[in-house]
Amino acid sequence: MHILGIDVGGSGIKGALVDIETGQFASDRLRIDTPQPATPTAVIQTIQQIATHFAYQGPLGVGFPAVVLDGVLMSAANVDESWIGYPGQTAVAEATGCPTVLLNDADAAGLAEMRFGAGKNRGGVVMIFTLGTGIGSAMFVDGRLVPNLELGHLYLQNMRLDAEDFATDRVRKAEDLSWKQWGRRLNSYFQHIEGLFSPNTIIIGGGVSKKHEKFLKYIDVRAQVMPAQMLNRAGIVGAALAAEVKG
Ligand code: BGC
């Protein structure tokens, strides 16, 4: 079965048809710049444009960088504030005519890693982090998702800093940190996570995970730490997997 998965990000909205049996793309990947300001109307128009491009009718999965409770957006750390309280799932379904599942982007990436990537067949507590503009987080307990974990917003350094303002890839670039400097920041972040959640496995994703050999060596925790395998496919594939229930 092929399902359209869409990943809404701060700079781009990306979509592809996904073969949900294999986790591979069944079409090209289409990327459209995220409209600015990224208001609900503008973003939903872009989602509609992607569905039209693929002449798609069927279950639709959309990953979004916010807390999503029963299809309603509950936070907006890196998107327009007008999303808070907005019934995004119903609005996307009405605009596209597709039965839609809207979920957090890191939860989507986690679903893809657990089914097809680094988390495959892993039980216990598996935590997945996506390092990009923000820090996305997802947790699975014996394969079952605990949705809407927001661990990018843990306070670090005596509660002066949101973790995203200290350890994400955006900060590494903005502050021109060496891999070692950034790796040490990640280490303090993951040691804190370990103290709170005692995961068996930590999977690190996001674009920067391609360069994992440069920074994973600085992370010293009990948990098994491994790079994500789905790379930039994770968000789209996971969104499509989430929509399987509507098929
Ligand atoms: C948001 C999360 C999101 C993460 C990655 C954070 O700023 O609060 O909901 O998963 O960014 O996009």
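Quick note: structure is the one above.
Residues numbered from 1 in each chain as written. Predicted model: local features only at pLDDT ≥ 70, side-chain atom pairs only at ≥ 80, totals over all residues. Heavy atoms only, no water.

Q: I tried to follow the pairing of strand E8 (residues 100-104) on my own but got confused; where do I start?
A: On a regular strand, each side chain points to the face opposite its neighbour's, so the side chains alternate between the two faces of the sheet. Of all 5 residues that make up E8, 5 are buried, and the element is covered over most of its length. Relative to E8, strand E5 (residues 60-64) runs parallel, the two sharing 5 bridges. Bridge pairing in E8 places Gly61 opposite Val101. (Buried < 20%, exposed > 50% of the residue type's maximum accessible area, 1.4 Å probe, protein only. Helix = DSSP H or I, 4+ residues; strand = E, 2+ residues; numbered from the N terminus. Pairing = 2+ DSSP bridges.)

Q: Can you walk me through the sheet that holds strand E15 (residues 224-227) in this structure?
A: Across a sheet, paired strands are connected by hydrogen bonds in the backbone, their directions being either parallel or antiparallel. Spatially, E11-E10-E9-E14-E15 is the arrangement adopted by the 5 strands of the open sheet, whose pairing is mixed. Both outer strands of the open sheet, strand E11 (144-146) and E15, are each paired with one neighbouring strand and no more. Adjacent strand axes in the sheet meet at a mean angle of 25°, parallel and antiparallel pairs treated alike. In the packing of helix H6 (residues 179-197) onto the sheet, the strands contacted are strand E9 (125-131), strand E10 (135-141) and strand E14 (201-205), and the crossing angle to E9 comes to about 150°. (Axes fitted to C-alpha atoms, helices over the stretch in contact; angles between N-to-C directions. Contact = heavy atoms within 4.5 Å.)

Q: I keep staring at the site of the ligand and nothing clicks. Help me out?
A: In the region of the ligand, 13 residues are neighbours, and Asn78, Asp105, Glu150, His153 and Glu164 sit closest. Note that an oxygen atom of the ligand is positioned 3.0 Å from one of the side-chain N or O atoms of Asn104. Contacts to the ligand include Asp105, whose side-chain N or O atom sits 2.6 Å from an oxygen atom. Because more than half of its atoms lie within 2 Å of the grid, the ligand is assigned to the largest pocket. Of all the secondary structure elements, the ones that give two or more residues to the shell around the ligand are helix H3 (105-116) and E10. Grouping the constituent residues of the shell around the ligand by class yields 5 nonpolar, 5 polar and 3 charged. The residue makeup of the shell around the ligand includes at least three contributed by each of domain 1 (2-108 + 234-246) and domain 2 (121-229). (Near = heavy atom within 4 Å. Polar contact = N/O pair within 3.5 Å; in protein donor to acceptor, adjacent residues only side chain to side chain. 1 Å grid on protein atoms, 1.4 Å probe; cavity = no way out; pocket = protein on both sides within 12 Å on 5 of 7 lines; lining within 4 Å. Sits in = over half its atoms within 2 Å of the grid points. Nonpolar A, V, L, I, M, F, W, Y, C, P; charged D, E, K, R; others polar. Domains from an automatic or database assignment.)

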